[in-house]
Amino acid sequence: MTDEASTARLVEIRSYKLKPGSLDAFHRTVVERALPMLREAGMEIVAFGPSAHEPDCYFLARAFADLPDLERQQAAFYGSEAWRQGPREAVVGLIETYLNTLLWLSPVAIEDLRRRNHHP
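Conventions used here
Residues numbered from 1 in each chain as written. Predicted model: local features only at pLDDT ≥ 70, side-chain atom pairs only at ≥ 80, totals over all residues. Heavy atoms only, no water. Salt bridge = Lys/Arg side-chain N within 4 Å of Asp/Glu carboxyl O. Helix = DSSP H or I, 4+ residues; strand = E, 2+ residues; numbered from the N terminus. Buried < 20%, exposed > 50% of the residue type's maximum accessible area, 1.4 Å probe, protein only. Pairing = 2+ DSSP bridges. Axes fitted to C-alpha atoms, helices over the stretch in contact; angles between N-to-C directions. Contact = heavy atoms within 4.5 Å. Core = buried A, V, L, I, M, F, W, Y, C linked by side-chain atoms within 4.5 Å. Phe/Tyr/Trp six-rings, centres within 6.5 Å; stacked < 30°, edge-to-face > 60°.

Participant: If you had to explain the pattern of salt bridges to someone new, which residues and values would you point to?
Facilitator: With the rule as written, the count across this model stands at 10 salt bridges. The shortest N-O distance in the salt bridge between Glu-44 and Arg-9 comes to 2.7 Å. Residue Glu-44 is found in strand 2 (residues 44-50), and its partner Arg-9 is found in strand 1 (residues 9-18); the two are separated by 35 residues along the sequence. Here Arg-114 ties to Glu-111 by a salt bridge, and the two come within 3.1 Å at their closest N and O atoms. Here Glu-111 and Arg-114 lie together in helix 6 (residues 107-116), a separation of three residues that amounts to about one turn. Here Arg-114 falls in the partly exposed class, since its relative accessible area comes to 22%. Judged by relative accessible area, which is 42%, Glu-111 ranks as partly exposed. Residues joined by salt bridges that share partners form a network here, namely Arg-9, Glu-44, Glu-111 and Arg-114.

Here you go:
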C-alpha cells in the first residue's frame with residue numbers, strides 16, 4: 001500500500017434537495033445548530049453550503065477513516081438524545097430527499113475541497 005493510499009480518507013458527500021424556498025432557513029440551522037453539534041461529536045467537516053448551480057439544493061462533505069468509522073460516528077450522532085431533541089426536526093423538516101456519495105480522497109484532495117468550498 002502506498003503512503004497516499006494508507007492516509008486516504010473516506011469522504012461522504014451528502015446532497016440535499018430542499019423544500020422550495022427553504023434554503024436560507026436550512027443554511028442558518030445547519031450553521032448555527034447542526035454543525036457545532038457535529039464538530040463537538042468529533043466529525044470532520046470538510047465543506048458544506050448551498051449548491052452553486054441548483055436552487056434549493058445543499059451539500060455536506062465529511063471525512064472518515066473508513067466505512068466502519070463512518071457508520072459508528074453517524075449511529076452515535078444521529079441516535080443521540082442531543083440530536084433527536086435538538087435541531088433534528090428543524091433540519092429534517094426542510095429536506096425533500098438526500099443522496100450520499102462516498103469517495104476515497106487523499107489528504108491533499110480533502111484540503112483542496114475544504115479550501116475551495118469554504119463557508120464561514
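Participant: So what's going on with the sheet that holds strand 3 (residues 57-64)? Residues and values would help.
Facilitator: The antiparallel open sheet is built from four strands, whose spatial order is 2-3-1-4. Looking along the sheet, the strands with just one partner apiece sit at the ends: strand 2 and strand 4 (95-105). With strand direction ignored, the average angle separating the axes of adjacent strands in the sheet is 15 degrees. Its contacts with the sheet put helix 6 on strand 1, strand 2, strand 3 and strand 4, and the angle it makes with strand 2 is roughly 35 degrees.

Participant: Please give an account of the nonpolar core that cites residues and values.
Facilitator: Within the largest apolar cluster, 21 residues are counted, with the highest numbers of intra-cluster contacts made by Tyr-16, Leu-18, Phe-26, Leu-35, Leu-38, Tyr-58 and Leu-60. Leave out the neighbours within four places in its chain, and Phe-26 touches Tyr-16, Leu-18, Tyr-58, Val-91, Leu-94 and Ile-95. Counting residues in hydrophobic clusters, the runner-up holds seven residues, among them Val-46, Phe-59, Ala-63 and Ile-110.

Participant: Would you mind going over the environment of Met-43 in detail, with residue names and values included?
Facilitator: Residue placement: Met-43 occurs in the loop between helix 2 (23-40) and strand 2. Accessibility expressed as a relative area gives 5% for Met-43, which makes it buried. Through-space distance from the C-alpha of Met-43 to that of Asn-100 is 16 Å; in sequence the pair is 57 residues apart. Residues contacting Met-43, with those up to four places away along its chain left out, are Leu-38, Arg-62, Phe-64, Gln-73, Gln-74 and Phe-77.

Participant: Residues and numbers for the packing of aromatic side chains, please.
Facilitator: Within the structure shown, the criterion is met by six aromatic pairs. Considering the side-chain rings of Tyr-16 and Phe-26, the 5.3 Å spacing of their centres and the 55 degrees angle between planes classify their relative orientation as tilted. With a gap of 10 residues between them, Tyr-16 in strand 1 and Phe-26 in helix 2 connect regions that are remote in the sequence. Under the relative-accessibility criterion, Tyr-16 is labelled buried at 9%. You can call Phe-26 buried: its relative accessible area is 1%. Plain terms: the ring middles of Tyr-78 and Trp-83 are 5.5 Å apart, the flat faces sit at 80 degrees to each other, and that makes the pair edge-to-face. Among the aromatic residues, those joined into a cluster by ring pairs are Tyr-16, Phe-26, Tyr-58 and Tyr-98.

Any functional reading would require information that these geometric values do not contain.
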